[in-house]
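# Fold and contact review
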Amino acid sequence: MNRPGVTFLTLMIATAVANVGLAEGPNLDIAGIKIGVSEPEAVTALKAHNPRLVVNETPHRLEGLPKAVMPAVTAQAMPSGAQEGETVNMVFTMAPSPEKLWGIQRITSYPAARRPSTAATLDALRKKYGPENVPNNQSGLQTVNIAWVFGPDGKLLEPDKAKQAYYSGQGPLQGHFGQDDMSALNDLQMGISQDKATSYSITLITASVQSTQGGDFNAPFVIYNMIVAINDGRIYVPALEATRAVLLDAAKARAKPDDNKAAGI
């Protein structure tokens, strides 16, 4: 397998590190887009991160709220020549709470000539977020799935508790990515059960890395696809309950005239 020269490989490693937003210590951001920022701030940062991204914002009108809400924003840039393909999904809290980013997922596909080192990228992720407390359950580097699970107090959970929280919370939390956040709209309609609230009470960071060695068995692994996601359920649940309370009040107010009419008032 022919590999780029040392200078080009170094550049690719630096690019991979920049792409996960390298900083000292754990940081709740992806590509510099931080959890907790407002919706306009997140969209502005997204466009600055990659001007090629085509941003899709789908508003939803909900009874009782004075303006449309935007529970999800998606953006996509198709791969082109030597340029990476990228999809970013962001989910936001809704009025009457401030509209804040509580989840972000970034999917990156790398063309053959620009695939970053798997080992260097994993090192960058660990330097950014700290040592994972849900380790990879696969052998080797061809597929690596790791996670960081923080408890309600914002501290990394012990490995056993982290694994349990990961398996109960990954589906409910990451189910919000894609499809205009239908999960949030369902939560508004059905409410959040105690079990679901427990699953949402964590902050979850996941990284899924798919790699290849190409044609040379002795060649280092390089990444062709990577998914990194963050969900902070501690932001989501209180805001969702506040939105749901407004919608329920509006539904009661709408039903009241009908009740009065039935009573002959």
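Residues numbered from 1 in each chain as written. Predicted model: local features only at pLDDT ≥ 70, side-chain atom pairs only at ≥ 80, totals over all residues. Heavy atoms only, no water.

Within the structure shown, the criterion is met by seven salt bridges. A salt bridge links D232 to R234, with the shortest nitrogen-to-oxygen separation between them at 3.1 Å. The exposure class assigned to R234 is partly exposed, which follows from its relative accessible area of 32%. (Salt bridge = Lys/Arg side-chain N within 4 Å of Asp/Glu carboxyl O. Buried < 20%, exposed > 50% of the residue type's maximum accessible area, 1.4 Å probe, protein only.)

As a further point, take the nonpolar core. Among soluble globular proteins, nonpolar side chains are generally buried collectively. Counting 32 residues, the largest nonpolar core has M90, I104, L125, Y129 and W148 as the members making the most contacts within it. Formed by 28 residues, the second largest nonpolar core is a distinct cluster that contains M94, Y166, L185 and I192. (Core = buried A, V, L, I, M, F, W, Y, C linked by side-chain atoms within 4.5 Å.)

Moving on, we come to the sheet that holds strand β7 (residues 143-150). Spatially, seven strands are ordered β3-β4-β5-β6-β9-β8-β7 in an open sheet, and the strand pairing comes out antiparallel. Strands at the two margins of the open sheet, each flanked by one partner only, are β3 (54-57) and β7. Along the sheet, successive strands turn relative to each other by an average axial angle of 10°, direction set aside. Pairing of β3 with strand β4 (residues 72-77), which is carried by four bridges, proceeds in the antiparallel orientation. Residue pairing in the sheet places N56 in a bridge with T74 of β4. Contacting β7, β8 (203-212) and β9 (222-232), helix α3 (residues 118-129) crosses the sheet at an angle of about 15° to β9. (Pairing = 2+ DSSP bridges. Helix = DSSP H or I, 4+ residues; strand = E, 2+ residues; numbered from the N terminus. Axes fitted to C-alpha atoms, helices over the stretch in contact; angles between N-to-C directions. Contact = heavy atoms within 4.5 Å.)

Here we take up unusual backbone geometry. With an omega dihedral of 10°, the bond running from A95 to P96 counts as a cis peptide bond. By the secondary structure assignment, P96 is in the loop between β5 (85-92) and β6 (101-109). A positive phi is found at A31, a non-glycine position, where the angle reads about 55°. The topology assignment puts A31 in the loop between β1 (29-30) and β2 (33-34). Residue classification places A31 among the buried residues on the basis of a relative accessible area of 18%. Located in the positive-phi region is D181, a residue other than glycine, with phi close to 55°. One can find D181 in the loop between α4 (159-174) and α5 (182-190).

Time to look at the confidence of the model for the protein chain. Per-residue confidence for the protein chain averages 87 on the pLDDT scale, and 86% of its residues sit at or above 70. Mean pLDDT across the elements of the protein chain ranges from a minimum in helix α1 (residues 6-19), with 36, to a maximum in β5, with 98. (pLDDT = per-residue confidence, 0-100.)

Counting across every chain of the model gives four aromatic pairs. A centroid spacing of 5.1 Å and a plane angle of 70° characterise the contact between Y166 and Y167, whose relative ring orientation is edge-to-face. With a centroid separation of 5.1 Å and an interplanar angle of 70°, the aromatic rings of Y200 and Y236 are classed as edge-to-face. Highlighted residues: Y200 in helix α6 (residues 194-200) and Y236 in helix α7 (residues 233-262), separated in sequence by 36 residues. Judged by its relative accessible area of 0%, Y200 is buried. By relative accessible area, which is 2% here, Y236 ends up buried. Here a set of aromatic residues connected by ring pairs shows up, and it is made of W102, Y200 and Y236. (Phe/Tyr/Trp six-rings, centres within 6.5 Å; stacked < 30°, edge-to-face > 60°.)

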